[in-house]
Each structure stands twice: as structure tokens, then as C-alpha cells.
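What the coordinates show
The lines below spell out each chain.
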Amino acid sequence: MGWLEPAPYLRGTAWLDGGRAVRADPADLDRLPLDTAERAALPIGVRVEFTATPGTRAVELRYRAAVPGPGDALRALRHCFALWRDGLCVGESFTAPAEEATIALELPPGGGTFAIHLPESQAPVVLGLRAREGALSPAPTRPRWLVHGDSITEGWWSTRPAHSWPATAGRALGLDTVNLGFAGGARGELPLAEQLASLPGALVTLAFGTNCWSRAPSSAGWLYETVRAYVGLVRRGHPDAPLLILSPVLRPEAEDAPNALGASLAELRTAMEAAGRDLAAEGDGRLLVLSGRPLLDPEDLADGLHPNDRGHARIAAAVAEALGPYVRG
């Protein structure tokens with residue numbers, strides 16, 4: 001079987017830039033902070049999804065990626081391609097970073113619908129895929145879920161991309177998760193809200209706020225107004241979509257400590273939740289607020305800030321429970 005064009009098989013994509021999956025509008029990068037534009041080049045959450053006929057023994061992926069230079073800490077990190085079916089990981093394949101390479105993943109018997117979670121470092125680009133025996137076709141499309149947030153949404157420190165809370169909740173809900181989490185970012189940048197409004201999506205989640213405590217400090221009043229403005233811009237493109245606001249999860253060092261503008265994370269969280277509740281009371285009947293504070297305990301954090309796998313699973317379960325009624329109708 002010859003190489004198949006990858007575009008019909010890619011899921012979790014926001015924009016394509018010359019065949020490369022990117023997470024910000026390539027025509028609108030100059031309005032974004034540099035760190036956000038750089039993170040947008042990584043294919044966080046992008047997957048290859050396909051249906052294999054019975055008798056298909058394996059799927060091959062041909063890809064290209066950047067190669068870390070000498071002395072780069074990532075040089076020894078192998079690329080992991082993870083194969084999932086029916087909510088379970090059924091295989092992994094590891095390769096050394098290479099400018100261009102082909103990997104093969106053996107398929108379990110019986111065929112079915114599969115997802116391959118791509119490695120996220122070095123910005124791999126899928127060039128083609130093909131079956132060993134049997135045949136492949138694009139997996140059925142699912143409702144798209146746009147998830148915006150910071151490094152926690154991006155998946156830090158889950159042990160695999162498929163273990164991040166957006167990926168886990170998306171599988172549970174049967175959604176096509178589009179991960180728009182930006183490490184160090186998600187500080188209420190309004191141009192990103194306009195980009196979110198331009199993307200097709202059936203559901204939207206906004207999960208930011210922790211970087212408004214220290215990286216780009218804000219006051220509680222500023223964050224309250226920013227959330228209202230952010231939701232207003234997103235609603236221009238998604239007036240009727242269920243929209244979930246997830247306030248910051250536990251961050252012990254910041255909970256009661258004032259930032260440079262005198263606001264603790266607890267106060268910022270309260271302001272964010274108040275903005276959401278006020279918008280709902282003013283008539284936005286499909287806006288939900290989920291407080292992040294009760295979702296995690298200190299032992300769910302890998303480094304005092306980012307969740308471990310258990311923490312990501314707990315966030316995913318809470319988000320799936322909140323959105324479930326809207327997904328199931």
C-alpha cells in the first residue's frame with residue numbers, strides 16, 4: 001500500500017501551516033507574545049486517527065522533526081509514538097530524533113479505530129502513513145472541543161501526552177480535543193480569544209489564571225474584567241456553545257501569598273469565578289464555572305505547581321462530569 005496523505009487522518013489540529021499542525025493562526029502571530037507564538041509551533045495534543053480493516057498487521061508513519069543540537073538536554077530524549085484503542089494504550093514505538101524517519105506500530109488483531117498520539121518535542125510533522133497488509137481509512141469525525149490554558153493544560157508533568165487532562169477528558173466524552181494550552185502563557189491575551197472565536201468548535205473551555213499571579217501579575221479586579229472581555233470575544237464566534245471556565249487548581253505557594261499587585265491566587269480564583277457566574281446570571285445560559293481549588297491535593301502535584309498523572313486524571317474526571325450533560329444532550 002502506498003503512502004497516504006496525512007491531512008484527513010489528523011485530529012486535534014487548530015491550524016495547518018504548509019502541512020504542519022500549529023496552534024495559533026499563522027497569519028496573526030505578530031499580535032501574540034513571543035513565548036506563546038513559540039509554544040504554538042509544537043503539535044500539543046495532535047493525533048493520527050484511523051480505522052484499520054481486520055487483518056491489518058501494522059501502521060507505518062513517516063515524519064520529520066527537528067534534531068536537538070550538541071549539548072541540548074533533549075538530545076537523548078527518544079520520540080514516543082503511542083497507539084490507543086477503546087480508551088487503552090495498546091502499544092508504543094520509540095525512535096531517536098531524526099530529520100526524517102519511519103516508525104511502525106503493530107496493531108492488535110481485529111482491526112478497529114485507533115489513535116496515535118505523537119511526541120510533542122521537536123515539532124514532528126507527519127508526512128504520510130500506510131498499512132502493512134489490510135487497509136486504513138480516516139476515523140469518523142467527532143465534535144471539536146477547544147481547550148485554552150497554560151502549561152497545566154498543555155500537559156506538564158503527565159508522563160505521556162495521552163495522559164494530560166484535556167486528552168483524558170476528551171476520550172471520556174468522545175470529543176476531538178484541540179489543545180490550546182501554552183506553557184508560561186494563558187494570561188488573558190485577548191488576541192487569542194479572537195483566534196478561538198474563529199475556530200470551529202462545539203464546546204470551549206478556558207482554564208487560565210495561575211500565570212496571572214506571578215509571570216504576568218494582575219490584580220483581582222483586572223482579572224475579573226479580563227475574563228468578561230475574553231468570554232465576550234469568544235462568544236462572537238461561539239454564541240451558543242457550552243463554555244466552561246476552569247479556575248486555577250491548587251498552587252500551595254501562591255494560595256495566600258500576595259503577588260506584585262497584592263493579589264493572592266485565592267483572590268484571583270475568586271475574581272475569575274465571579275466573572276463567570278455574573279455572565280451566567282446576565283443571560284449566558286450555557287456558561288459553566290468549575291472551581292479548580294478542590295480538584296487536587298498536594299500529593300497530586302509533581303512539583304508544587306503541575307499535576308502528576310493522578311492529578312491530571314482528577315482534573316479530567318471533574319471536567320468530564322461538568323461537560324457530560326452537554327455532550328450527551
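These numbers come from a predicted model, not from an experiment.

Re the overall build of the protein chain
- Counting secondary structure elements, the protein chain contains seven helices and 16 strands.
- Taken against the 2.2 N^0.38 rule, which gives 20 Å for 329 residues, the C-alpha radius of gyration of the protein chain at 20 Å falls within 12% of a compact globule.
- With respect to the principal axes defined by its C-alpha atoms, the protein chain has extents near 60 × 50 × 40 Å.
- Taken across its 329 residues, the protein chain has 54% of its residues classed as buried.
- Counting 31 positive and 38 negative side-chain charges, the protein chain places the averaged centre of each group 5 Å from the other.

Details of the pattern of salt bridges
- Tallied over the full model, the rule gives 25 salt bridges.
- The shortest N-O distance in the salt bridge between Glu 92 and Arg 160 comes to 2.8 Å. With Glu 92 in strand β7 (residues 88-95) and Arg 160 in the loop between α2 (151-154) and α3 (165-173), the pair connects residues that are 68 residues apart, well separated along the chain.
- On the accessibility criterion, Arg 160 (27% relative accessible area) is partly exposed.
- Here Arg 251 makes a salt bridge to Glu 253, at a shortest N to O gap of 3.2 Å.
- Relative accessible area serves as the criterion here: at 6%, Arg 251 is assigned to the buried category.
- Taking relative accessible area as the criterion, Glu 253 reaches 51% and is therefore assigned exposed.
- Here the salt bridges share partners, and the residues they tie into one network are Asp 35, Arg 187, Glu 189 and Arg 215.

Observations concerning the pairing of strand β12 (residues 144-149)
- Judged by how many residues are buried, β12 sits mostly within the fold: six of six residues are covered.
- Going residue by residue along β12, you find Arg 144, Leu 146 and His 148 tucked away on one face and Trp 145, Val 147 and Gly 149 tucked away on the opposite face as well.
- Both β12 and strand β13 (residues 176-181) contribute to a ladder of six bridges, which runs parallel. When the bridges of β13 are listed, Gly 149 appears paired with Gly 181.
- Where β12 lies against strand β14 (residues 203-207), five bridges are found, and the strand directions are parallel. Note that in β14 the partner of Val 147 across the bridge is Thr 205.

Details of the layout of surface pockets
- Here the second largest pocket is characterised by a volume of approximately 410 Å³.
- Along its surface, the second largest pocket is lined by 27 residues, and Arg 47, Glu 49, Ala 115, Arg 142 and Arg 171 are the ones closest to its centre.
- Among the elements of the structure, β4 (47-52), β6 (79-85), β9 (112-117), α3 and β13 are those that each provide at least two residues to the lining of the second largest pocket.
- Of the residues that constitute the lining of the second largest pocket, the class distribution is ten nonpolar, nine polar and eight charged.

Remarks on empty space enclosed by the protein
- In the structure shown here, the tally under the stated rule is three cavities of 30 Å³ or more.
- Size it by volume and the largest cavity reaches roughly 90 Å³.
- Per-class residue counts for the lining of the largest cavity are eight nonpolar, four polar and one charged.
- When its volume is computed, the second largest cavity comes out at roughly 70 Å³.
- In terms of lining, the second largest cavity is formed by Leu 10, Gly 19, Arg 20, Ala 21, Pro 43, Val 46, Leu 118, Pro 124, Val 125 and Val 126.
- Broken down by secondary-structure element, the contributors of at least two residues to the lining of the second largest cavity are β3 (20-22) and β10 (125-132).

Describing the environment of Gly 232
- Checked against the element boundaries, Gly 232 lands in helix α5 (residues 220-237).
- Considered as a pair, Gly 232 and Glu 299 are 67 residues apart in the sequence and their alpha carbons are 36 Å apart.

A few points about the side chain of Thr 210
- You can see Thr 210 is positioned in the loop between β14 and α5.
- A residue is classified by how much of its surface remains accessible, and Thr 210, at 6% relative accessible area, is buried.
- Reaching out from Thr 210, the side chain makes a polar contact with the side chain of Arg 251 at a distance of 3.1 Å.
- With near-sequence residues (within four places) excluded, Thr 210 lies in contact with Asp 150, Pro 248, Arg 251, Leu 265 and Leu 305.

Scoring rules and cut-offs
Residues numbered from 1 in each chain as written. Predicted model: local features only at pLDDT ≥ 70, side-chain atom pairs only at ≥ 80, totals over all residues. Heavy atoms only, no water. Helix = DSSP H or I, 4+ residues; strand = E, 2+ residues; numbered from the N terminus. Rg over C-alpha atoms; globule rule 2.2 N^0.38 Å. Buried < 20%, exposed > 50% of the residue type's maximum accessible area, 1.4 Å probe, protein only. Lys, Arg positive; Asp, Glu negative; His and termini not counted. Charge placed at Lys NZ, Arg CZ, Asp CG, Glu CD. Salt bridge = Lys/Arg side-chain N within 4 Å of Asp/Glu carboxyl O. Pairing = 2+ DSSP bridges. 1 Å grid on protein atoms, 1.4 Å probe; cavity = no way out; pocket = protein on both sides within 12 Å on 5 of 7 lines; lining within 4 Å. Points joined across faces, edges and corners; volume = space filled by probe spheres on them. Nonpolar A, V, L, I, M, F, W, Y, C, P; charged D, E, K, R; others polar. Polar contact = N/O pair within 3.5 Å; in protein donor to acceptor, adjacent residues only side chain to side chain. Contact = heavy atoms within 4.5 Å.

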